[in-house]
Amino acid sequence: MAIADKTLGSLGEFGLIDLIRQKFRVPHGTVGIGDDCAVIPSGTDDLLVTTDMLVEGIHFLGDKIAPEQLGYKSVAVNLSDIAAMGGEGVGTFLSIALPPSTPQQWAERFIEGYRAISDRYGVPLLGGDTTSSGNDIVVNVAVLGRLPHGKAKLRSAARLGDTVAVTGTLGDSGGGLRIILEERPHDKDAKFLLDRHLAPLPQMELGATLGGSEQVHAMMDISDGIASDLRHILSASGVGAVVDLEQLPLSEPLRRTASLYGWQAERIAASAGEDYELLFTIDPSAALPKGTTAIGRIVEGSGIEWRSGGRRLEDNIMGFRHF
Ligand code: ADP
Ligand code: MG
């Protein structure tokens, strides 16, 4: 096949980002493409910048998410990237494309959700852009953050022997998505999972705690599932990892719902996206902060070796891919 015939489907999301990255030089001392945020030195601080797009039909189903929830989520996923560096949010910018047929009430409710999370985390909206679109809603939020110079937790900082750990529980958002797609009844457990899917909490406090610890080395947020996201830390750091499926922290609602519908909860926890928890590596002698769980360790080599109860698994668990 000629190169000109290649589609983005075969190049992949990360292949395309690499293609873009090769064309640009990054100033010395600045972190550019490849981490959760860009890190730009500014006096005694570093500025953090991140941007994320939510597209109708890809990231959300227009008739399954309330506009308030979409407004909330579009900020949450970006604040999560600020938390992933150990930083704090300074302000947000909202760019939005809406079909002309969109009811005004939809826009008002969207802004209400956006305002609620902005207030909750004390991060004001400072600007943006507004335009019309053909059929689908597209929302792009950019967030500016900050932290003391040199303190950003990069994906490239994992060290041999580090413990691999995560905050919170994994797979709840993936469970919520399945509730929607499989049209399951909204019982109490399902509601918990749906809430985690539709209104994820960015881990700002734990992010700042982990960010302030010298014993925490690499950190990122979990947007595509650890099966995919951990690989970014491993390739950026030039190391491998052993991860045990049985150690993944699962919520009781996910466990119960999975056994009710015959889902494999550990697989969902490993490979479903949009948890927005934090994934980090920490010196093995350090005590893990409350609310975090060890799931494996950093070893020589590359990629993830999956185990279950100490036994090696042969298959390659994959995370969510965008193309
Ligand atoms: P995250 O899931 O943390 O938001 P992504 O996987 O979306 O990160 O992106 C990985 C890296 O690639 C980030 O550093 C992001 O800024 C960069 N990136 C993604 N798309 C583009 C693009 N179109 N142009 C430049 N950089 C990009
Ligand atoms: Mg991220």
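Here, every reference points to the structure presented above.
Residues numbered from 1 in each chain as written. Chains lettered and ligands numbered in written order. Predicted model: local features only at pLDDT ≥ 70, side-chain atom pairs only at ≥ 80, totals over all residues. Heavy atoms only, no water.

A. Representation of the coordination of the magnesium ion (ligand 2) in the model. Within the protein, Asp36 (OD), Asp81 (OD) and Asp221 (OD) serve as the donor atoms for the magnesium ion (ligand 2), at 2.0 to 2.1 Å. Taken in chain order, the donor set of the magnesium ion (ligand 2) reads D-x44-D-x139-D. Of this pair, Asp36 sits in the loop between α2 (13–21) and β1 (38–42) while Asp221 sits in strand β7 (residues 216–221); the two residues are 185 residues apart in sequence, bridging distant segments of the chain. Residue Asp36 is classed as buried on the basis of its relative accessible area of 6%. Taking the relative accessible area as the measure of exposure, Asp221 reaches 2% and is therefore buried. (Donors = N, O, S within 2.8 Å, 3.2 Å for Na, K, Ca; no water. Helix = DSSP H or I, 4+ residues; strand = E, 2+ residues; numbered from the N terminus. Buried < 20%, exposed > 50% of the residue type's maximum accessible area, 1.4 Å probe, protein only.)

B. Looking closely at the pattern of salt bridges. Scanning the entire structure with this criterion turns up 17 salt bridges. The closest approach of N and O atoms between Asp189 and Arg256, which form a salt bridge, is 2.8 Å. Of this pair, Asp189 sits in helix α6 (residues 188–198) while Arg256 sits in helix α9 (residues 252–261), placing them 67 residues apart in sequence. The exposure class assigned to Asp189 is buried, which follows from its relative accessible area of 15%. Residue classification places Arg256 among the partly exposed positions, given a relative accessible area of 44%. The partner of Arg312 in a salt bridge is Glu305, with the nearest N and O atoms 3.9 Å apart. A cluster of three or more residues bridged by salt bridges with shared partners is formed by Asp35, Asp36 and Arg155. (Salt bridge = Lys/Arg side-chain N within 4 Å of Asp/Glu carboxyl O.)

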